[in-house]
Amino acid sequence: MRLTRRDFIKAAGGLGAALLTSPFLSKVAEAIEREKKNFPVIWIQGQTDAGCSESILNTVQPTVVDMVTDIMSLRFHQTIMAASGHQCISVLHEALKSDEKFILVVEGSVPTKDEGVYCTIGEDENGRPITFLKWVKELGEKAMYVVAIGTCATWGGIPAAEPNPTGAKPVTEIIDPKKVINLPGCPARPHHLVGVLAHLKLFGLPELDSKRRPMVFFSRLIHDNCEMRPFFEKGDFAKSFGEKKCMYLLGCKGPITYNDCPNYQWNSGLNWPIRGGSPCIGCAAESFIGSTGNGIYMRLPEAKVPGIPGLKVKADKFGTIVGAATIGGIIAHAMGRVLAHKKKKEEKKVEEER
Amino acid sequence: MAKKVVIDPITRIEGHYSIEIEVENGKIKDAWARGDMFRGWEIILKERDPQDAINVTQRICGVCPVAHAMASARALDAAFHIVPPDNGRIIRNLIAAGNLLHSHILHFYNLVALDYVDITAILDYKGNDPTMNNIKEWVKNEVKSGRNTAAAPFLPRYKGDYIKDKDLNLTAINHYVKAFEMARTAQEMIAIWGGKMPHVTGIVPGGVAENVTAEKIASYLYRLRKIKDFIDTCYIPDVTAVAKAYPRWFKIGAGYKNLLAYGIFELNNEGTQTYHIPGAFIDGKLENLDQKNIKEEVFYAKYSSPTGLHPFEGETVPDPNKPNAYTWVKAPRYSSKPMEVGPLARMVITHVSGKRSEVSNLVRDTLKSLGLDVSALFSVLGRHACRALELKIIADEAEKWLLELKPDQPVNTKYEVPKESEGFGLTEAQRGALGHWIKIKDHKIERYQCVVPSTWNCGPRDDKGIRGVIEEALIGTPIADPENPIEAVRVVRSFDPCLACAIHVIDPKTNEIRKFKVA
Ligand code: SF4
Ligand code: SF4
């Protein structure tokens, strides 16, 4: 049976991201091999900590070797490639000259202040360092698709956090956003990249939301499928790290973060932050670290998160956040529960005192 | 006449790093090392909730996030006047051990091996391992394609003296593949306690967030044992085989031979005792560590902030146009001396301290079996050997620590963020001594400074013009062919550089790029 683009989207959308488990992806990988030969991938790193690359290496099926031999032709990746210096830069120059189509993966934000001197890769024929900004523009222009991998490349991430000392920007502000697929997450998740590469190869551009995130991975909030949700509904909240209850009072950002961690946990499905006794820190959210008023452990109504009604709202660059109303509702519910809980406790206390 | 060679970028390391060398009579005569990226973490941390530092500083480096989490948590513990309970301390050690396992294996096989191993040997593979045959077929087809980038990312590469022994090459390629699986398994060991990896959420002030259960102990234990097998049957034999194939590399890349280590793997909750011994090894003598002796100099670094400051007073004001400066890495000095940090420093200091007999015995036996003395450790191969030996020791210790955990006992200590306070946290990242210094005012971060291992190793000349550690280690390295300076990158990679916190820069207004006026 041959999967069509429609089938794929229907299946993925209907069954949720849980479908995208490793064996499924490995089938997709097989299909890719049948379809066409590997497509060239050029992976460049700017203001990154290489955490996204490290994360991708945790892929189970397909394995790293499968990816390199069967899925893509990885022409450039500084952490893996054998070549150094001129030899390695020549790969980029060649990509700019040839008419071969390629996919550009950008990891890390792009510094733009002072003409981008805060990150350089290689040098030109005059011995002048070439800025990452220039590489992203030129390679981005030529690329068929651009995958912005991780929160830094998608939203700007920590380098772009207040006061943004280097004028760090996300990829969509450097090149035509219509080519870009955003895979936020700090770090990005292996199955997200594999899934996107597979989809591009087999069916073209996957269905994206208004912020250019693939719907299959980013259509639900952490809060929607969280295993602590029953505790949230009852208003039973953890007061300290390690209490296995709803983490709302410890600053959980699950109610504003789109990702599939509850369905498809981390590191071969062993654990994920909320199960591990800590709140979701919102690493895939646009507001991650962002402003100084948005503390990791600060409760949601107090944390300054752009785009959430009723809060100290900063204009949201992309327009309204999807499901903003729902988020307002979640917070209202939580507040109600916290107050109800307090009241009950107080009543109990008064009773005891009698 | 001296010939200038620029290697930009140096690949198979973490971050943006390049070197410029002067080659004369087939040897490196001078060297400049440049960090090519700046993000300004310390500036971003200002005014934030001190608790955020653990998560924010992890993003300095995706390979050693746990080390930053640990340094940060220890700095916060000190500033909050708390200590973790037994379980919290032990789990932090287990997370750090996982990160060490991940990083050392990945470094040797997936970052360094391609400098020695001949990947094209796969074409001679005759066995029936499906993965090896898959790679063989792939390389064959790629080579047939005739592209310049055929078999990328493994080719092109520098021409050089790669291993000739066919079996050794094939074994190494097989282990290169296995190493990815081992690294992933080590990441899983971290996630068991840390929630996820890279970037754990489970290290918190006063301890950790994840509770102890027998299931988690078992889950960690069997992964640990799998990796221990790999260390014994692959890693140590492979490092030994490379050592035997390249004996002259025990004489190249010595550097200053001054070593610094902060100690790691806390054995008591106050953190005053650690498995690896802290100390400063200067001119062949071991001294007690005193963090007050650390100063950061910035004459050749692109910062306009004052030079010679202790990290508590540290400032980070970027100035891309500063004359003479050629890098974004500061030049830290200990008692005014450049110091090498990393597995070599940890193993030699712990060995010389005489406090861990198993370390001393392993170092002595290994040297004896290779017919070498201690001075051989100060070299390219010495660094790789120390890394491998350290991993064996720590994997053994981790199993003991794991079995000290007690289910149902607390994993963290309650705390409040004080209005005003300060503290520092010293630990060891895989690549060496790591310290965080924090000052808190009005419950917020007033000042935060990180002095990271790569600042010690990859930094520039200091105010007096004394070269940085890697710059010095490069001096005298033979370069057979300046077009293919494979020897230089071998020296650099032996340090396992991790540049995510550093940078170099051009003057955007002129075309004069690198006019170093070196005093
Ligand atoms: S998104 Fe996170 S993991 Fe990825 S590069 Fe940025 S800081 Fe590193
Ligand atoms: S607030 Fe956080 S922990 Fe609670 S249910 Fe929502 S996502 Fe889960």
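Residues numbered from 1 in each chain as written. Chains lettered and ligands numbered in written order. Predicted model: local features only at pLDDT ≥ 70, side-chain atom pairs only at ≥ 80, totals over all residues. Heavy atoms only, no water.

## Quick look at the site of ligand 1
Convention followed: Nearness is judged by heavy atoms alone; a residue qualifies as near a molecule or strand once a single heavy atom is within 4 Å of it. Numbering of helices and strands runs from the N terminus, with a helix taken as a DSSP run of H or I at least four residues long and a strand as a DSSP run of E at least two residues long.
A:T48, A:D49, A:G51, A:C52, A:G150, A:T151, A:C152, A:G185, A:C186, A:P187, B:R59 and B:H199 make up every residue found near ligand 1. Ligand 1 sits at the junction of chains A and B, each of which supplies nearby residues. Mapped onto the shell around ligand 1, the elements with two or more residues apiece are α3 (51-56) and α7 (150-155) of chain A. With three residues, the single largest contributor to the shell around ligand 1 is α7(A).

## Comments concerning the confidence of the model for chain B
Selection rule: Along the chain, pLDDT gives the predictor's confidence residue by residue, from 0 to 100.
Per-residue pLDDT for chain B averages 92, and the proportion of residues at 70 or more is 96%. Interface confidence for the predicted complex, expressed as ipTM, amounts to 0.91; the pTM equals 0.90.

## Quick notes on the packing of aromatic side chains
As a reminder of what qualifies: Only centres within 6.5 Å qualify two rings of Phe, Tyr or Trp (six-membered ring in Trp) as a pair; their planes then separate them into stacked at under 30 degrees, edge-to-face at over 60, and tilted for everything else. For every residue, the accessible area obtained with a 1.4 Å probe (protein chains only) is divided by the maximum for its type, and the residue is called buried under 20%, exposed over 50%, and partly exposed between those limits.
This model, assessed by the stated rule, comprises 23 aromatic pairs over all chains. Taking 6.2 Å as the distance between ring centres and 70 degrees as the angle between the ring planes, the aromatic pair formed by A:F232 and A:Y248 counts as edge-to-face. Taken together, the positions of A:F232 in helix α11 (residues 229-234) and A:Y248 in the loop between α11 and α12 (324-353) put the pair 16 residues apart, joining distant regions of the chain. With centroids separated by 5.5 Å and ring planes inclined at 75 degrees, the aromatic side chains of B:Y303 and B:W328 adopt a geometry described as edge-to-face. With B:Y303 in the loop between β11 (294-297) and β12 (331-334) and B:W328 in the loop between β11 and β12, this pair connects stretches of sequence that are 25 residues apart. Each member of the pair, B:Y303 as well as B:W328, is classed as buried.

## With respect to the domain arrangement of chain A
A common measure of how large an interface is: the accessible area buried when the components associate. All names here are of chain A. Put simply, the rule reads: What counts as a domain boundary in this text is fixed by an automatic or database domain assignment. The contact definition used throughout considers only heavy atoms, calling two residues in contact when any of these lie within 4.5 Å. Two parts placed together each lose some accessible area; with a 1.4 Å probe, that loss summed over both constitutes the buried area. The term salt bridge refers to a side-chain nitrogen of Lys or Arg lying within 4 Å of a carboxyl oxygen of Asp or Glu. Distance and chemistry together define a polar contact, namely a pair of N or O atoms within 3.5 Å, with one atom able to donate a hydrogen and the other to accept it when in protein, and with adjacent residues in sequence counting only for side-chain atoms on both sides. Three classes are used, and their members are as follows: Ala, Val, Leu, Ile, Met, Phe, Trp, Tyr, Cys and Pro are nonpolar, Asp, Glu, Lys and Arg are charged, and the others, Gly among them, are polar.
Parsing chain A into structural domains produces domain 1 (5-218) and domain 2 (222-346). Taken together, the contact between domain 1 and domain 2 spans 26 residues of the former and 23 residues of the latter. Summed over both sides, the interface of domain 1 with domain 2 buries roughly 2,100 Å², with 55% coming from carbon and sulfur. Considering only the side of domain 1, the residues that lose the most area to domain 2 are W155, R189 and K211, jointly responsible for 29% of the buried surface there. Applying the counting rule to domain 1 against domain 2 returns two salt bridges. Salt-bridge contacts for E286 lead to K211; the nearest nitrogen and oxygen are separated by 2.8 Å. Inspection of the region where domain 1 meets domain 2 yields ten residue pairs in polar contact (both at pLDDT 80 or more). Those elements that provide at least two residues to the side of domain 1 that touches domain 2 are α7, α8 (190-203) and α9 (215-218). Of the residues in the side of domain 1 that touches domain 2, the class split is eleven nonpolar, ten polar and five charged.

## Things to note about the interface of chain A and chain B
Tallying the contact residues gives 86 residues for chain A and 93 residues for chain B. Of the roughly 7,200 Å² buried between chain A and chain B, counting both surfaces, carbon and sulfur atoms make up 58%. The interface formed by chain A and chain B contains one salt bridge. The salt bridge involving A:K244 is made with B:E210; its shortest N-O contact spans 2.6 Å. Linking chain A with chain B are 36 residue pairs in polar contact (both at pLDDT 80 or more), by the criterion used here.

## Topic: the nonpolar core
Note the following rule: Working definition of a nonpolar core: buried Ala, Val, Leu, Ile, Met, Phe, Trp, Tyr and Cys residues. They are joined through side-chain atoms within 4.5 Å.
Core analysis: the biggest nonpolar cluster contains 217 residues, and B:I21, B:W193 and B:L474 have the highest contact counts within it. Broken down by element, the residue count for this core peaks at 15 residues, all from helix α6 (residues 166-194) of chain B. Structurally, this core is a two-domain feature, drawing no fewer than three residues from each of domain 1 (5-218) and domain 2 (222-346) of chain A. Discounting chain neighbours no more than four positions away, the residues touching B:W193 are B:I91, B:L94, B:I95, B:G202, B:E210, B:N211, B:V212, B:K216, B:I217, B:Y220, B:L402 and B:L405. Counting 31 residues, the second-largest nonpolar core is a separate cluster that includes A:I121, A:W135, A:A143 and A:A153.

## Description of the packing of helix α3 (residues 65-80) of chain B against helix α4 (residues 86-112) of chain B
Residue and element names in this part refer to chain B. This is how it is decided: Inter-axis angles, ranging from 0 to 180 degrees, are taken between N-to-C directions of lines fitted to C-alpha atoms, where helices are fitted over the stretch in contact. Roughly parallel refers to an angle under 35 degrees, roughly antiparallel to one over 145, roughly perpendicular to one between 65 and 115, and oblique to any angle outside these ranges. With the far helix as reference, a near helix turned anticlockwise by less than a right angle produces a left-handed crossing, and one turned clockwise produces a right-handed crossing.
Where α3 meets α4, the axes come as close as 9 Å, and the angle between the chain directions of the two elements is 155 degrees. Here α3 lies roughly antiparallel to α4, going by the angle between them. Both α3 and α4 take part in a crossing whose hand is left-handed. For the pair α3 and α4, contact is made by P65, V66, A67, M70, A73, R74 and D77 and by R92, I95, A96 and N99, respectively.

## Overview of unusual backbone geometry
When glycine is set aside, most residues are seen to have a negative phi, and most peptide bonds are trans. The omega angle of the peptide bond from A:E162 to A:P163 is 5 degrees, so this bond is cis rather than trans. Along the chain, the position of A:P163 falls in the loop between α7 and β8 (168-169). The backbone of B:A151 shows a phi angle near 60 degrees, a positive value even though the residue is not glycine. Within the secondary structure, B:A151 is located in the loop between α5 (130-145) and α6. When its relative accessible area of 3% is taken as the criterion, B:A151 is described as buried. Here B:H443, not a glycine, exhibits a phi torsion of approximately 65 degrees, which is positive. Tracing the backbone shows B:H443 in the loop between β14 (432-441) and β15 (444-451).

## Re the pattern of salt bridges
All names here are of chain B. Under the definition given, this model contains 45 salt bridges over all chains. Ionic pairing is found between R383 and E340, a salt bridge with its closest N-O pair at 2.7 Å. Here the residue R383 occupies a position in helix α10 (residues 380-402), and E340 occupies one in the loop between β12 and α8 (343-353), the gap between them amounting to 43 residues. Classification of R383 as buried rests on a relative accessible area of 2%. Classification of E340 by relative accessible area gives buried; the value is 4%. One network of salt bridges, in which partners are shared, links D30, R461, R467, E471 and E472.

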